[in-house]
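Below are the chains, spelled out letter by letter.
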2 protein chains.
Amino acid sequence: MKGRVSAYDVAKLAKVSQSTVSRVLNNYPHVRKETRQRVHDAINTLGFSPDEIARSLASKKTNTIGLIVEDISNSFYAETAHIILREAQKYDYEVIIIDAETDENSFERAISTLNGKRVDGIIVASTRMDNQKVKEFYDKGFPIIFYNRRIYGIEESHYVEVDNKLGAKMAVNHLVENKHRKIAFISGPTIYSTFYQRFEGYKEAVQDNGLEYDESLIYKGEVSYDQVFQFALNLMRDEDRPTAFFASTDQMALAIMDAAARSGRHIPFDVSVIGFDDIEIASNPYISLSTISQRKREMAVLTLQKLLSLINSDDSNDEPNKITLEPELIIRKTTGVNNQ
Amino acid sequence: MKGRVSAYDVAKLAKVSQSTVSRVLNNYPHVRKETRQRVHDAINTLGFSPDEIARSLASKKTNTIGLIVEDISNSFYAETAHIILREAQKYDYEVIIIDAETDENSFERAISTLNGKRVDGIIVASTRMDNQKVKEFYDKGFPIIFYNRRIYGIEESHYVEVDNKLGAKMAVNHLVENKHRKIAFISGPTIYSTFYQRFEGYKEAVQDNGLEYDESLIYKGEVSYDQVFQFALNLMRDEDRPTAFFASTDQMALAIMDAAARSGRHIPFDVSVIGFDDIEIASNPYISLSTISQRKREMAVLTLQKLLSLINSDDSNDEPNKITLEPELIIRKTTGVNNQ
DNA sequence: TTGTATGCGTTATCAC
DNA sequence: GTGATAACGCATACAA
């Protein structure tokens, strides 16, 4: 990669100083039209494009943001990333995606890598509630915003989430309206705010509807296809089995549907299943999963915009952004009236 | 973001020069153990982490690569990105993902953005065959490698692909072995090497097996769910309909399955469907799509490793990497014996 | 309106 | 082994 042309080369050819080149590059107003033209010509004939690294060093802005996800191959994150990437492009921001585990060490490494790269801000799409590593960054006024999952106990934190508790209630209420009284709940680890809140919603809805809260109907272990499948399979084979399953994620709902098929239960005649997230495949006619929509696009776009406004506002003393969107019940074909 | 601590601050505290700080940072051998320790102590007490931007400017290496995809929310790219991100992490590389259209303008913008950011190399996961914009970068010796889809007509180009022609033949042969003689082919635009090669494979296999080549059974338009759905639906309703569909991507196969369901055709009894890619959902029990596997993980890992070796080898005169992996036939439940 | 000079935070090349 | 000092390629305050 030798022979890179620099702003000096352009300057020489256009018979101006390098500062002037910089000025036209940055669209400074007070440049004579004629010189501006000369510089542009020189830029074109030399095929010059500025070195963003040098630019960043001088300006202390990289026009790059970081996005931390847990697993980009997971549809939820993939769809989120797509929206954020395309949206960021509009504002001339690039994004470095870090695909990392959610434990404190991995998270710290991710954050400090991004900090090292001098990103202008970070979107954290997957964190645990007890994450405290982020504190010092907030104290420094570094723009960080949480998407979907958020942390607890840090007042200054910014986040955009969906009302998970409400969403869970909507799901349970939908099932109750269909005469289900014995509803299993499949959750991931409640160390994540999403699962925690959804679990709260489930419990409240169970109480509100006068149902019996039964520990044996609850799964809150790892988000593992096989484990959820096994758990559901056991329940399906039970004499006194639940007539409906509420899964905390669509991904888990798929495992439950699998277990239903395996045990010969027909959905929705023998058993109803409802998920959470509304990932793309949920609307596939072979899946047609009833679910609670996260309104991903709105969430993602809003998150990016808030981050950019955090980046571009000098007074970091404004109120923290704490945004909670309303979820939406989407009824497809995996839920029906209980007829046991 | 004030109060950043620099290598100078560390130097002062450790009572050494900033150069020495740089030396221990880069693990230079000739530093006295004792001073090295002092520097490390200073680094820790100050919580110093080097500014990678400044580092990049001075060293002309960013430890960042670019990944250009067409749509990260597409499972194929999402799964690819996951593998590449995780693998790159191991070598201390970060990755900037650009989600862009494949037309020349978008591509050029993407490349020049990445070039501006001084990435050390680029993986292009989605290009059209006729792409020529990349030529000048090759001439400069800039490391670029194509993944999955490649360009034609540039001898120096590096790529890792699967043998698409062979894969297509395997698919058709599998159907023929199941006594299908009338096989529809659903392709995307043949301006992409993947679709082009698969189409070639289809045609050859049709000929090799003595089948009749029938234009009315061929779709090679946009990769649009709705359009493919419509095309398939029309064929399904045909009196003299094909008994099998070979889709150039799993995504398209899903649309075909949808059309089958809509028209009351039972898979695989009335009609067989086989895809290409083996995306994750293909193995879902409700889909269980027969398909041709791309061996995505191998491809992705290999691509990254080749890129890194291009980056780290000074003599750019080695042979271009032209790697073609063998695809694999995966038989699931959407293909069966023709019994018409 | 334009040029000069300095700085951004490192690495790298010299000296010593 | 270690310390000055010059790049790296720009932005920017200050002069003119």
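Below is a short write-up of the structure. (Residues numbered from 1 in each chain as written. Chains lettered and ligands numbered in written order. Predicted model: local features only at pLDDT ≥ 70, side-chain atom pairs only at ≥ 80, totals over all residues. Heavy atoms only, no water.)

1. Digging into the sheet that holds strand S7 (residues 218-219) of chain B
All names here are of chain B.
Piece 1. What the 4 strands build is an open sheet, ordered S7-S6-S8-S9; its pairing is parallel. Here the strands that pair on one side only, and so sit at the sheet edges, are S7 and strand S9 (272-274).
Piece 2. The pairing of strand S8 (residues 244-247) with S9 spans 3 bridges and is classified as parallel. If you follow Phe245 over to S9, its bridge partner there is Val273.
Piece 3. Contacts between helix H9 (residues 193-208) and the sheet are confined to strand S6 (183-186), S7 and S8, with S6 contributing the most and set at about 170° to the helix. (Pairing = 2+ DSSP bridges. Helix = DSSP H or I, 4+ residues; strand = E, 2+ residues; numbered from the N terminus. Contact = heavy atoms within 4.5 Å. Axes fitted to C-alpha atoms, helices over the stretch in contact; angles between N-to-C directions.)

2. Focus on the pattern of salt bridges
Piece 1. Applying the stated criterion across every chain, the model contains 43 salt bridges over all chains.
Piece 2. The closest approach of N and O atoms between A:Arg149 and A:Glu70, which form a salt bridge, is 3.1 Å. Of this pair, A:Arg149 sits in the loop between strand S4 (144-147) and strand S5 (158-162) while A:Glu70 sits in the loop between strand S1 (64-69) and helix H5 (75-90), placing them 79 residues apart in sequence.
Piece 3. With relative accessibility at 22%, the residue A:Glu70 sits in the partly exposed group.
Piece 4. Residues B:Lys165 and B:Glu204 are paired through a salt bridge, measuring 2.8 Å at the closest nitrogen-oxygen approach. Of this pair, B:Lys165 sits in helix H8 (residues 164-177) while B:Glu204 sits in helix H9; the two residues are 39 residues apart in sequence, bridging distant segments of the chain. (Salt bridge = Lys/Arg side-chain N within 4 Å of Asp/Glu carboxyl O. Buried < 20%, exposed > 50% of the residue type's maximum accessible area, 1.4 Å probe, protein only.)

3. Considering the protein's contact with DNA strand C
Piece 1. Lining the immediate environment of DNA strand C, one finds 28 residues, of which A:Ser19, A:Thr20, A:Arg23, B:Gln18 and B:Ser22 sit closest.
Piece 2. Per the 4 Å cut-off to the protein, sugar and phosphate atoms form 62% of the nearby atoms of DNA strand C.
Piece 3. With respect to DNA strand C, the side chain of B:Asn26 contributes an N or O atom lying 3.0 Å from a phosphate oxygen.
Piece 4. Residue assignment for the surface near DNA strand C shows that the elements contributing at least two residues are helix H2 (18-25) and helix H4 (52-59) of chain A together with helix H1 (7-14), helix H2 (18-25) and helix H4 (52-59) of chain B.
Piece 5. In terms of residue class, the surface near DNA strand C is built from 11 nonpolar, 10 polar and 7 charged. (Near = heavy atom within 4 Å. Polar contact = N/O pair within 3.5 Å; in protein donor to acceptor, adjacent residues only side chain to side chain. Nonpolar A, V, L, I, M, F, W, Y, C, P; charged D, E, K, R; others polar.)

4. Points about empty space enclosed by the protein
Any empty space left between the atoms is revealed when a probe the size of a water molecule rolls over them.
Piece 1. For the coordinates displayed, the defined rule picks out 5 cavities of 30 Å³ or more.
Piece 2. Of the voids in this model, the largest cavity is the one considered here, and its volume is about 170 Å³.
Piece 3. Lining the largest cavity are 14 residues, and of these A:Ile53, A:Lys117, B:Ile53, B:Thr64 and B:Lys117 sit closest to its centre.
Piece 4. Broken down by secondary-structure element, the contributors of at least two residues to the lining of the largest cavity are H4 of chain A together with H4 of chain B.
Piece 5. Taken together, the residues of the lining of the largest cavity sort by class into 4 nonpolar, 6 polar and 4 charged. (1 Å grid on protein atoms, 1.4 Å probe; cavity = no way out; pocket = protein on both sides within 12 Å on 5 of 7 lines; lining within 4 Å. Points joined across faces, edges and corners; volume = space filled by probe spheres on them.)

Geometric descriptors of this kind do not, in isolation, establish any biological role.
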